[in-house]
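Fold and geometry: a report
Below, each chain spelled out in residue letters.
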Amino acid sequence: MLHDDFSYILSLLGEEDKVAWQKAMSPPIYQTGNFSYSSFAEFRDAIREERKNSLYTRGLNPTVRLLEQKLAALQGTEDALCFGSGSAAIASAVVAFCRKGDHVICMNFAYSWTQKLLKNLLSRYGVEADFVNGTNTPEVVNAFRSDTRMLILESPNSFLFELQDVMVLCREAKSRGVMVLCDNSYAGPMNRFPVEAGADLIAHSATKYISGHSDTVAGVLCGSKALLDVVFADPYMTLGAALSPFNAWLLLRGLRTLEIRVERTGKSALTIAGWLETRPEVERVYHPWLESHPQHNLALQQMDRPMGMFSVVLRNKSNNYIERFCNALRIFQMAVSWGGYESLVFPSALFDPNPFPDGLIRVSIGLENPELLKEDLATALRLAESQA
Ligand SMILES: *Cc1c(COP(=O)(O)O)cnc(C)c1O
């Protein structure tokens, strides 16, 4: 269908104004803090409706707004609101709708700062949170209380790549008047499943696939205009985690290659993950697209393509072995984050305490030649073994 076609979506004009841009092919960066008005009435209207008018870049900036329109079109929601980080997007969504006395349900292995938001920050303001095993749908449903305000999903999460039955849980939440916020960073903005399943707000760390070049930190919330207007009016303007025009431009540029980057890294990752499963040094691999993944069928239902990140558990779980393996890698780099050009490893042993299985290493596959990446892993395993 035409309206699902990626390049069609990206070509949507939105507020793109080729006249004002003097025919520029690539959108200009409106690198400005404020905007000036030539009439009192226009100035008054801008102050009254900051979501609609460029008044001040903490509120609305045309470069950022263009990105929001493209992201909303891509994700298939009415509107989008960009932030200076994915964490700010998630925190703002929760703060906008949860007040003192409200209860939130979150997944056990949700993104670490989502957990900290609830455990360390919002607990101080009277918002209570329960963490549940998202792979167990009845356990999640049992956690609903009469004061539950929000359900936070992340399907799949990173490190363990656990999924939740988003369709069933959205239905259960809806029947109780509970809002659903779904962190869709892993599956990316081209994956509309959470929207189709009925999630109210979809969050992305735009730092990952949307940027795609490890050159900026950013976030986005996608959802209805009505809900995003609430987020905008309060936490967004007050907390001020706005995305800069230049970073918005980097993301607009990232969007142009999103589809081919995701296709390439997903394909490479699946090949490498499948190959790792056959290696004697490897105990198991967690990738939702592998048949060995316990929720493989749910993954096929919820995602339309394999993505570029997975985890591997080595048989030898000693810190020494893992350290030797990581140090022996030549192409893979040791770093947090993911979704960029470079392939990365992140051993979970670096967490203290480590909530994940011993010997687990998260692997983000980049755009390098997958055969060279395989060779790099094989050599590092051999070197780690030789000194075992
Ligand atoms: C990175 C990440 C975030 C946070 O995004 P930032 O852009 O780093 O603030 C949230 N959720 C998931 C799943 C992530 O991977």
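Below or above, wherever it landed, is the structure these notes cover.

How each quantity is defined
- Residues numbered from 1 in each chain as written.
- Predicted model: local features only at pLDDT ≥ 70, side-chain atom pairs only at ≥ 80, totals over all residues.
- Heavy atoms only, no water.
- Pairing = 2+ DSSP bridges.
- Helix = DSSP H or I, 4+ residues; strand = E, 2+ residues; numbered from the N terminus.
- Axes fitted to C-alpha atoms, helices over the stretch in contact; angles between N-to-C directions.
- Parallel < 35°, antiparallel > 145°, perpendicular 65-115°, else oblique.
- Left-handed = near helix turned anticlockwise from the far one by under 90°.
- Contact = heavy atoms within 4.5 Å.
- Nonpolar A, V, L, I, M, F, W, Y, C, P; charged D, E, K, R; others polar.
- 1 Å grid on protein atoms, 1.4 Å probe; cavity = no way out; pocket = protein on both sides within 12 Å on 5 of 7 lines; lining within 4 Å.
- Points joined across faces, edges and corners; volume = space filled by probe spheres on them.
- Salt bridge = Lys/Arg side-chain N within 4 Å of Asp/Glu carboxyl O.
- Buried < 20%, exposed > 50% of the residue type's maximum accessible area, 1.4 Å probe, protein only.
- Near = heavy atom within 4 Å.
- Polar contact = N/O pair within 3.5 Å; in protein donor to acceptor, adjacent residues only side chain to side chain.
- Areas by Shrake-Rupley, 256 points an atom, 1.4 Å probe, with all protein chains shown as cover.
- Sits in = over half its atoms within 2 Å of the grid points.
- Phe/Tyr/Trp six-rings, centres within 6.5 Å; stacked < 30°, edge-to-face > 60°.

**Brief notes about the sheet that holds strand β11 (residues 344-347)**
Taken together, 5 strands build an open sheet; the order of strands is β8-β9-β12-β11-β10 and the sheet is mixed. Taken across any chain shown, the strands that pair with only one partner, and hence form the sheet edges, are β8 (282-286) and β10 (333-334). Inspection of the sheet shows strand β9 (residues 309-314) paired to strand β12 (residues 360-364) by 5 bridges, in the antiparallel sense. Each residue of the ladder has a partner; that of S311, found in β12, is R362.

**Notes on the packing of helix α12 (residues 319-328) against helix α13 (residues 370-386)**
Two elements in contact, α12 and α13, have axes separated by 8 Å at closest approach and are oriented at 140°. With respect to their mutual orientation, α12 and α13 come out oblique. Note that α12 runs across α13; the crossing there is right-handed. Contacts from Y321, R324, F325 and A328 in α12 reach D376, L377, A380, L381, L383, A384 and E385 in α13. Here the residues of the contact of α12 with α13 sort into 8 nonpolar, no polar and 3 charged.

**Regarding the layout of surface pockets**
Reported here for the largest pocket is a volume of approximately 670 Å³. Lining the largest pocket are 35 residues, with Y111, S112, W113, K208 and R362 sitting closest to its centre. Elements with a minimum of two residues in the lining of the largest pocket: α4 (86-97), α5 (112-121) and β6 (201-205). Partitioning the lining of the largest pocket into residue classes produces 17 nonpolar, 13 polar and 5 charged.

**Describing the pattern of salt bridges**
Under the criterion given, the structure shown has 16 salt bridges. With a shortest N-O distance of 2.7 Å, R65 and E68 are connected by a salt bridge. On the criterion of helical spacing, the pair formed by R65 and E68 is a turn pair, its members being 3 residues apart in helix α3 (residues 62-75). With respect to class, R65 is no different from E68; both count as buried. When salt bridges with common partners are traced through the structure, they connect R51, R65, E68 and D79 into a single cluster.

**Structural notes on the pairing of β9**
Across the 6 residues of β9, 6 count as buried, placing the element largely inside the fold. Covered by surrounding structure in β9 are M309, S311 and V313 together with F310, V312 and L314, the residues of both alternating faces. In this structure, β8 lies alongside β9, joined through 4 bridges in antiparallel fashion. The residue of β9 that forms the bridge with R284 is V313.

**Here's the deal with the site of the ligand**
The environment of the ligand is formed by 14 residues, the closest being S87, D183, S205, T207 and K208. Residue S87 places a main-chain N or O atom 2.8 Å away from an oxygen atom belonging to the ligand. Take K208: an N or O atom from its side chain is 2.7 Å from an oxygen atom of the ligand. A total of 380 Å² of accessible area belongs to the ligand in isolation, and the protein chains cover 91% of it. Among the detected pockets, the ligand sits in the largest pocket.

**A few points about the packing of aromatic side chains**
Across all of its chains, the model carries 13 aromatic pairs by this definition. Considering the side-chain rings of F159 and F346, the 5.3 Å spacing of their centres and the 75° angle between planes classify their relative orientation as edge-to-face. You can see F159 sitting in the loop between β4 (148-153) and α7 (166-175) and its partner F346 sitting in strand β11, a full 187 residues away along the chain. Take F159: its relative accessible area is 6%, and that puts it in the buried class. Aromatic pair F246 and W249: ring centres 6.3 Å apart, planes at 15°, arrangement stacked. Residue F246 and its partner W249 are both found in helix α10 (residues 245-277); the two are separated by 3 residues, about one turn of the helix.

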